[in-house]
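Residues per chain, in single letters:
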Number of protein chains: 2
Amino acid sequence: MQAPASPEAVRAACRAGTWKAPTAGLAPSYAQANLAVLPQDWAYDFLLFCQRNSKPCPLLDVTEPGSPLAVAAAPAADLRTDLPRYRVYRDGELVDEPADIRGYWRDDLVAFLLGCSFTFEGALLRAGIRLRHLDEGKNVAMYRTNVPCRPAGRLHGPLVVSMRPLPAAEVARAVQITGRFPAVHGAPVHVGEPAALGISDLQKPDYGDAVEVRPGEVPVFWACGVTPQAVAVCSRPPLLITHAPGHMFVTDIPEESLAC
Amino acid sequence: MQAPASPEAVRAACRAGTWKAPTAGLAPSYAQANLAVLPQDWAYDFLLFCQRNSKPCPLLDVTEPGSPLAVAAAPAADLRTDLPRYRVYRDGELVDEPADIRGYWRDDLVAFLLGCSFTFEGALLRAGIRLRHLDEGKNVAMYRTNVPCRPAGRLHGPLVVSMRPLPAAEVARAVQITGRFPAVHGAPVHVGEPAALGISDLQKPDYGDAVEVRPGEVPVFWACGVTPQAVAVCSRPPLLITHAPGHMFVTDIPEESLAC
């Protein structure tokens, strides 16, 4: 199937079941989002967690309890059907990877949409900065760090970071470019020195694929939207539904409208 | 009394009752904050309101229910005593302006600290931009607009803006400078054309003091931390406690640490 080009077309193809693949590169120039769905009883803790940890969890939209509509991010979409694949966690355990979540939906669920690194990667590419995982057709390398997030209520867990190796001469420019986009993780949280994050071997990421760090390059670490999944494993809410990695929600938000 | 110079000294003087005046100019280079205290039952709505309206309500810290400690903003402070004056609203009506709120404190209260325009005014002054209300020893002019905030649960109400007249040649620079500080209202929400905000007469502000807009000057409007008080009047929560206008909470946060 030809890749759908507009946010509406991507979401319609997901809904119809004709697009089941990752969303990287689809609907270019529109922001994609991480999804986290929790029972209303956990919504305050999660909202506060996002406020206290805005680098890994930059909030783009929050739904009304029981409503699958993201009024600010894409008012015509249905969050239960319009992503290509989901993950369902019960008590912190992954129990299902369904293509839609109509069967899991309840009147007390609240959906949170968090900014996604695809947006800042596009800005880096447009500035001429190469990203090795894209050159090699891989998922970005991600690591659970030994840095705890600031807890909120029952939610606690480690910061997860993504790593991109960059030539030393491009590090500062990459900080400046991604810093324009605080709504999609913003500037790096850490530059160089993986051991200071508790990462002993960059070649063994906890999520995604390893890439080489070549001589003259520095590993640059950004806060990562996978953090809520690591937090769920630690905090064990009765139900958490997320997107499957790389299978994001495509919003109607022009990426450049998120720049500061 | 000589003005206390450090955040700790300001708070100690408020606690002792020896400082009862506005806090403008105290503890220079430390961020001051708007205070909003609500029952836990309303905390989710308020937190969501802040997420949906981050220009008027940029959150710096949120306390645990029943705790008067602002762990991130000033861990040694007591929010019940360390501001010079408070306002107490019951069902949207102002009922008291006490010097401390120990008598109002309850186990279910949650305190929110919001960034304050004093921080970006300092940045403007350091850049050589004059602010007329400061030159004239006045409170800044504030207006209830006809622009609704995005509602959240039971909370709804108008955006309140502050206005500073600037020479046309300084408007763009003021946008750039204040845009570095999203945690304290950030860039203006509106430049020129007060009628488009529903403001018919700049000489009749709803809060604060009028200042002249001279030929060659443009009225520049920033989202204002008084918005939660206007929202309380519309939404009538059973209890809301705020700082009294100008009588802010002085945090331990260096202002420059808030710059992006």
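Look up a bit, the structure's there.
Engineer: Tell me about the nonpolar core, and name the residues and values.
Structural biologist: Grouped together as the largest cluster of nonpolar side chains are 68 residues, with contacts concentrated most on Y44 and F112 of chain A together with Y44 and F112 of chain B. For F112 of chain B, the contacting residues outside a window of four places in its chain are Y44 of chain A together with N34, L35, A36, A43, F46, L47, L59, D61 and V62 of chain B. If you look at the next biggest cluster of nonpolar residues, it comprises 38 residues, including A31, V37, L79 and V184 of chain A.

Engineer: If you had to explain the pairing of strand β7 (residues 158–167) of chain A to someone new, which residues and values would you point to?
Structural biologist: Residues and elements named next belong to chain A. Across the ten residues that make up β7, a large majority, nine, are buried. Sheet analysis places β7 next to strand β9 (residues 217–223), joined by seven bridges and oriented antiparallel. Counted as the bridge partner of V161 is A223 from β9.

Engineer: Which residues make up the packing of aromatic side chains, and what values do they have?
Structural biologist: Residues and elements named next belong to chain A. Applying the stated criterion to the full structure yields four aromatic pairs over all chains. Seen from their ring centres, F120 and W222 are 5.1 Å apart, and the 25 degrees between their planes marks the pair as stacked. Of this pair, F120 sits in helix α3 (residues 118–126) while W222 sits in strand β9; the two residues are 102 residues apart in sequence, bridging distant segments of the chain. Judged by relative accessible area, W222 falls into the buried class, the value being 0%. Stacked on the ring of W42, the Lys or Arg R154 has its end atom at 4.0 Å from the ring centre.

Engineer: Before we move on, can you summarise the pattern of salt bridges with the specific residues and values?
Structural biologist: All names here are of chain A. Applying the stated criterion across every chain, the model contains 38 salt bridges over all chains. For the salt bridge of R130 with D135, the shortest nitrogen-to-oxygen distance reads 3.2 Å. Given a relative accessible area of 59%, R130 falls into the exposed group. Note that R144 is salt-bridged to D206, the shortest N-O span being 3.6 Å. With a gap of 62 residues between them, R144 in strand β6 (residues 141–148) and D206 in the loop between β8 (190–191) and β9 connect regions that are remote in the sequence. Judged by its relative accessible area of 41%, R144 is partly exposed. A residue is classified by how much of its surface remains accessible, and D206, at 38% relative accessible area, is partly exposed. A single network of salt bridges, built from pairs that share partners, joins D41, D45 and R154.

Thresholds, definitions, all that
Residues numbered from 1 in each chain as written. Chains lettered and ligands numbered in written order. Predicted model: local features only at pLDDT ≥ 70, side-chain atom pairs only at ≥ 80, totals over all residues. Heavy atoms only, no water. Core = buried A, V, L, I, M, F, W, Y, C linked by side-chain atoms within 4.5 Å. Buried < 20%, exposed > 50% of the residue type's maximum accessible area, 1.4 Å probe, protein only. Contact = heavy atoms within 4.5 Å. Helix = DSSP H or I, 4+ residues; strand = E, 2+ residues; numbered from the N terminus. Pairing = 2+ DSSP bridges. Phe/Tyr/Trp six-rings, centres within 6.5 Å; stacked < 30°, edge-to-face > 60°. Lys NZ or Arg CZ within 6 Å of the ring centre and 35° of its normal. Salt bridge = Lys/Arg side-chain N within 4 Å of Asp/Glu carboxyl O.

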